[in-house]
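Read off the chains here:
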Amino acid sequence: MAIGDVHGAYDRFVGMLRAAGLINDRQRWAGGRARRAQTGDVLDRGPDSRKVVDLLIRLEREAAAAGGRVHALVGNHEFMRLVGDWRYVSVGEYRAFENSESADLRERVHALNAELAAKKARAENGKFNEREYRAQFFKDFPLGYFEMQRAFGKDGEYGKWVRSRVAAVKINGMLFIHGGVSDKVANLGCQGLNAEVQRDLAAAPVPADKISSLLSATEDGPLWYRGMADEPEDAFEPILDSILRRLDARAVVIGHTPIASGQITTRFGGRVVLIDTGMLGGEFYPKGAASALETRDGALAAIYTDGRRVAITAPAVATK
């Protein structure tokens, strides 16, 4: 079973897990020995990403105890959180980390920074407008900001969890990954890709001018690549054949590139399966829906929270 990008859509995520029979009404693991892949991007955009991560952490333990497995993979938005790219963090995500001491903490951090900014202005014979500085500081750093920063740091609970993620997992000949595998990196194979990405995660945060040198930040890296979703099938098929041979995989299942129709889609005769159906919905994905991809005895089916179960094109036997 595989589920694509969640982006903080906790309620829809829970509803999908129930519809797929992976959790019960108490949100406890009910999947037995099933293996479930979450292809990354549980963070950003939506308000409840902290609740999603907390649920995944618990389900990882419960599934393992039952003989199953939850593979929560890393996506580009988890990587962005670690390297300080917070452009898509939602107000709700900050609020989830707010506590009774948040206002006092922000005041103290503001006071220290304002003092430094005032000294710099004086040294440069410039002007320092304390009121304007304060207004901008409070806009840039909402309540919960510093707590979330600490939580995703190297020693924070969520920071440690994200840094322990891998980019890809191969189950029964199918590779599950967030963005995809480009021709440029296919020679690394599943283990090589994981080693490179984990090296990047362990190094984060890094200076801003060093981020672009990391595989996890490149457009043809496994967290950002969209070629498997976007390239014309006729022209790209020979390249895909070569990629699959090097990965020793019969198909690749990807998130990252949202499907406008809100339905799981296959390409290249089922050898590429797109499962980001815009679960968050709303302004980001107007036709988005929660979905899950089930693989059983070589057959594929798309499951939706409204009860629909749709058989879809299964991948061909791996090319030898």
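Since we're looking at a predicted model, the values are computed, not measured.

Caption draft 1: Expanded view of the environment of Leu201. Mapping Leu201 onto the fold places it in helix α9 (residues 189–203). Linking Leu201 and Lys154, residues 47 residues apart in sequence, is a C-alpha distance of 9.6 Å. Apart from residues lying up to four places away in sequence, Leu201 is in contact with Val74, Phe79, Leu82, Val162, Arg163 and Arg165.

Caption draft 2: Representation of the pairing of strand β3 (residues 69–72) in the model. Note that strand β2 (residues 35–38) and β3 share four bridges and pair parallel. Bridging from a neighbouring strand, Ala37 pairs with His71 of β3. Between β2 and its parallel partner β3, the chain crosses via helix α2 (residues 49–65), and the hand of that crossover is right-handed.

Caption draft 3: A look at the sheet that holds strand β8 (residues 272–274). Spatial strand order, β4-β5-β6-β8-β7: five strands in an open sheet with mixed pairing. Edge positions in the sheet fall to β4 (168–171) and β7 (265–267), since each has one partner strand and no second. In this sheet, adjacent strand axes meet at a mean angle of 20° when their direction is disregarded. Pairing of strand β5 (residues 174–177) with strand β6 (residues 251–254), which is carried by four bridges, proceeds in the parallel orientation. If you follow Leu175 over to β6, its bridge partner there is Val252. With respect to the sheet, α9 is in contact with β4 and β5, its orientation differing from that of β4 by roughly 155°. Strands β4, β5, β6, β7 and β8 of the sheet are contacted by helix α11 (residues 233–247), whose axis makes an angle of about 105° with β6.

Caption draft 4: Broad picture of the layout of surface pockets. Computed from the structure, the largest pocket encloses a volume of approximately 310 Å³. Listing elements by their share of the lining of the largest pocket, those giving two or more residues are β5 and β9 (291–296). With three residues, the top contributor of residues to the lining of the largest pocket is β9. Its residues assigned to classes, the lining of the largest pocket shows seven nonpolar, two polar and five charged.

Caption draft 5: Examining the packing of helix α1 (residues 10–19) against α2 more closely. Running from N to C, α1 and α2 cross one another at 30°; their axes reach a closest spacing of 9 Å. As judged from the angle between their axes, α1 and α2 are roughly parallel. Here α1 and α2 pass one another in a crossing that is right-handed. In this structure, α1 contributes Tyr10, Phe13, Val14 and Leu17 to the contact, and α2 contributes Lys51, Val52, Leu55, Leu56 and Leu59. Broken down by class, the residue content of the contact of α1 with α2 amounts to eight nonpolar, no polar and one charged.

Caption draft 6: Fine view of the side chain of His256. Along the chain, the position of His256 falls in the loop between β6 and β7. One polar contact links His256 to Asn76, side chain to side chain, over a distance of 3.3 Å.

Caption draft 7: Expanded view of the pattern of salt bridges. Following the criterion strictly, the structure yields 18 salt bridges and no others. Arg271 is the salt-bridge partner of Asp241, the closest N and O atoms lying 2.3 Å from each other. With Asp241 in helix α11 and Arg271 in the loop between β7 and β8, this residue pair connects regions lying 30 residues apart in the sequence. Overall, the relative accessible area of 21% leaves Asp241 in the partly exposed class. Taking the relative accessible area as the measure of exposure, Arg271 reaches 11% and is therefore buried. The salt bridge partner of Arg296 is Glu294, with a shortest N-O separation of 3.2 Å.

Caption draft 8: Region of interest: unusual backbone geometry. A cis geometry characterises the amide bond from Ala204 onward to Pro205, with omega recorded as 0°. By the element assignment, Pro205 lies in the loop between α9 and α10 (227–230). At Asp44, a residue that is not glycine, the phi angle is positive and equals roughly 75°. Relative to the helices and strands, Asp44 resides in the loop between β2 and α2.

Conventions used here
Residues numbered from 1 in each chain as written. Predicted model: local features only at pLDDT ≥ 70, side-chain atom pairs only at ≥ 80, totals over all residues. Heavy atoms only, no water. Helix = DSSP H or I, 4+ residues; strand = E, 2+ residues; numbered from the N terminus. Contact = heavy atoms within 4.5 Å. Pairing = 2+ DSSP bridges. Right-handed = clockwise from strand over helix to strand, strands pointing away. Axes fitted to C-alpha atoms, helices over the stretch in contact; angles between N-to-C directions. 1 Å grid on protein atoms, 1.4 Å probe; cavity = no way out; pocket = protein on both sides within 12 Å on 5 of 7 lines; lining within 4 Å. Points joined across faces, edges and corners; volume = space filled by probe spheres on them. Nonpolar A, V, L, I, M, F, W, Y, C, P; charged D, E, K, R; others polar. Parallel < 35°, antiparallel > 145°, perpendicular 65-115°, else oblique. Left-handed = near helix turned anticlockwise from the far one by under 90°. Polar contact = N/O pair within 3.5 Å; in protein donor to acceptor, adjacent residues only side chain to side chain. Salt bridge = Lys/Arg side-chain N within 4 Å of Asp/Glu carboxyl O. Buried < 20%, exposed > 50% of the residue type's maximum accessible area, 1.4 Å probe, protein only.

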